[in-house]
Amino acid sequence: MTKRIFFTGGTGKAGRHVVPWLRDQGHHVVNADLKPLGCDGVDDLSIDITDSGQVFGALTQHANMGEFADGPAKPYDAVVHFAAVARVLLTSDAECFRVNTVGTYNVIEAAVKLGVKKIIIASSETVYGTCFAHGDLDPPGLPLTEDMATVPEDSYAMSKLCNEVTARSFQARSGIDIYVLRIGNVFEPHEYAEHFPDFFADPATRKRNIFNYIDARDLAQIVHRGVLTDGLGFQIFNAANDTNSVNRPAEELARTYFPNVPKGPLPGNTGLYSNEKVRRMLGFVEQHDWRRYVEG
Ligand SMILES: NC(=O)C1=CN([C@@H]2O[C@H](COP(=O)(O)OP(=O)(O)OC[C@H]3O[C@@H](n4cnc5c(N)ncnc54)[C@H](O)[C@@H]3O)[C@@H](O)[C@H]2O)C=CC1
Ligand SMILES: O=C(O)[C@H]1OC(=O)[C@H](O)[C@@H](O)[C@@H]1O
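In what follows, the accompanying structure is described. Given the structure is predicted, the values throughout are model-derived calculations rather than measurements. (Residues numbered from 1 in each chain as written. Chains lettered and ligands numbered in written order. Predicted model: local features only at pLDDT ≥ 70, side-chain atom pairs only at ≥ 80, totals over all residues. Heavy atoms only, no water.)

### Remarks on the packing of aromatic side chains
Link 1 in the chain: Under the counting rule described, the total for this entry stands at 19 aromatic pairs.
Link 2 in the chain: Ring centres of Y128 and Y273 lie 5.9 Å apart, and the angle between their planes is 80°; this geometry places the pair in the edge-to-face category. Highlighted residues: Y128 in the loop between β5 (118-124) and α4 (155-174) and Y273 in the loop between α7 (250-257) and α8 (276-282), separated in sequence by 145 residues.
Link 3 in the chain: With a centroid separation of 5.8 Å and an interplanar angle of 80°, the aromatic rings of F187 and F199 are classed as edge-to-face. Placement of F187 in strand β7 (residues 186-187) and of F199 in helix α5 (residues 191-201) is noted, with a sequence separation of 12 residues between them.
Link 4 in the chain: When its relative accessible area of 4% is taken as the criterion, F187 is described as buried.
Link 5 in the chain: Cluster of aromatic residues (ring-pair linked, three or more members): F187, Y192, F196, F199, F200, Y213, W290 and Y293.
Link 6 in the chain: Here R4 stacks its cationic end above the ring of Y76, 4.4 Å away from the centre of that ring.
Link 7 in the chain: Taking NZ or CZ as reference, K13 lies 5.7 Å from the ring centre of F187, over its face. (Phe/Tyr/Trp six-rings, centres within 6.5 Å; stacked < 30°, edge-to-face > 60°. Helix = DSSP H or I, 4+ residues; strand = E, 2+ residues; numbered from the N terminus. Buried < 20%, exposed > 50% of the residue type's maximum accessible area, 1.4 Å probe, protein only. Lys NZ or Arg CZ within 6 Å of the ring centre and 35° of its normal.)

### With respect to the layout of surface pockets
Link 1 in the chain: By volume, the largest pocket is sized at about 1,000 Å³.
Link 2 in the chain: Considering the residues around the largest pocket, the lining is formed by 36 residues, among which A84, V85, A86, R87 and Y156 are closest to the centre.
Link 3 in the chain: Top contributing element to the lining of the largest pocket by residue count: β5, with 3 residues.
Link 4 in the chain: Here the residues of the lining of the largest pocket sort into 18 nonpolar, 11 polar and 7 charged. (1 Å grid on protein atoms, 1.4 Å probe; cavity = no way out; pocket = protein on both sides within 12 Å on 5 of 7 lines; lining within 4 Å. Points joined across faces, edges and corners; volume = space filled by probe spheres on them. Nonpolar A, V, L, I, M, F, W, Y, C, P; charged D, E, K, R; others polar.)

### Describing the site of ligand 2
Link 1 in the chain: Neighbouring ligand 2 are A86, R87, S124, E125, T126, C131, F132, Y156, N185 and N209.
Link 2 in the chain: With respect to ligand 2, the side chain of E125 contributes an N or O atom lying 2.5 Å from an oxygen atom.
Link 3 in the chain: When isolated, ligand 2 has an accessible area of 320 Å², and the protein chains bury 75% of it.
Link 4 in the chain: A molecule is said to occupy a pocket when more than half its atoms come within 2 Å of that pocket's grid points, and by this definition ligand 2 occupies the largest pocket.
Link 5 in the chain: Of the residues assigned to the shell around ligand 2, the class counts are 4 nonpolar, 4 polar and 2 charged. (Near = heavy atom within 4 Å. Polar contact = N/O pair within 3.5 Å; in protein donor to acceptor, adjacent residues only side chain to side chain. Areas by Shrake-Rupley, 256 points an atom, 1.4 Å probe, with all protein chains shown as cover. Sits in = over half its atoms within 2 Å of the grid points.)

Structure, rendered in structure tokens:
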């Protein structure tokens, strides 16, 4: 079924793969970003999500000239929110926190008050704390699952965790579906040859990411399945591929790099960052294992 989807941050690294994927599944996607994507069949709207008025305005206006013929602007079926300052060290810590938290509040508030029934937001693996920690910070357990403790110490991860609370509260009042994706480290198709041989040679460089990765196209599949799967209420999903990015047995990685962390079963090369929930509840089936693109 064709959906009308308002997508924020579609011009970025992840969005430029997710947006065309959604378009190719037959949906009408409107990309709301500071910068245009310029993608065939996708409408661009330049907005700043930290300005609530712009977000309400964009969600209630036409997306292109063709829509004028049909009268008033049509409502959206889903909002996918990716726009953000996507990590620390891009701007000041406080600005990262401000843009991400205020922007996310604005997007969710407008979507809920305008009657949108499905919202998917980009959170991050960083909420578990290890990624941008000072020194070494152990994850709370392995494999790392959505119910485990989240006590990050950096402004970016704090902003993402704050956004999860915002989302949970809006969901509680509205009863709509809000799905949070704790996205792992994203890779575009051309990046496998560029980076993965280095990861195999020096796995320690991937420790902060709990050795995970998510292919940008597999992330698109997860978003799409989220758009199509109704009735789950508020949910948080780790979004990652099935196996680790360093081509090592999971049990060996856990023992070598996280000796003091409580451990459950870690068969084969399974990811230490569990994607079991997104496979089980959204039916995610990975298509882009790194083994298709680079020699192990
Ligand atoms: N790239 C990664 O490895 C990961 C990314 N994420 C999250 O996924 C989402 C997408 O990430 P990327 O595509 O890598 O980020 P990106 O930095 O490549 O793209 C973010 C997009 O948001 C837009 N944006 C920023 N501030 C805005 C504002 N005030 N108003 C409107 N648009 C604004 C930017 O113009 C950009 O196109 C982000 O929420 C990020 O935090 C989460 C985990 C991993
Ligand atoms: O966008 C980015 O660069 C960062 O975003 C994130 O949220 C990821 O968790 C982290 O692995 C990336 O380094």
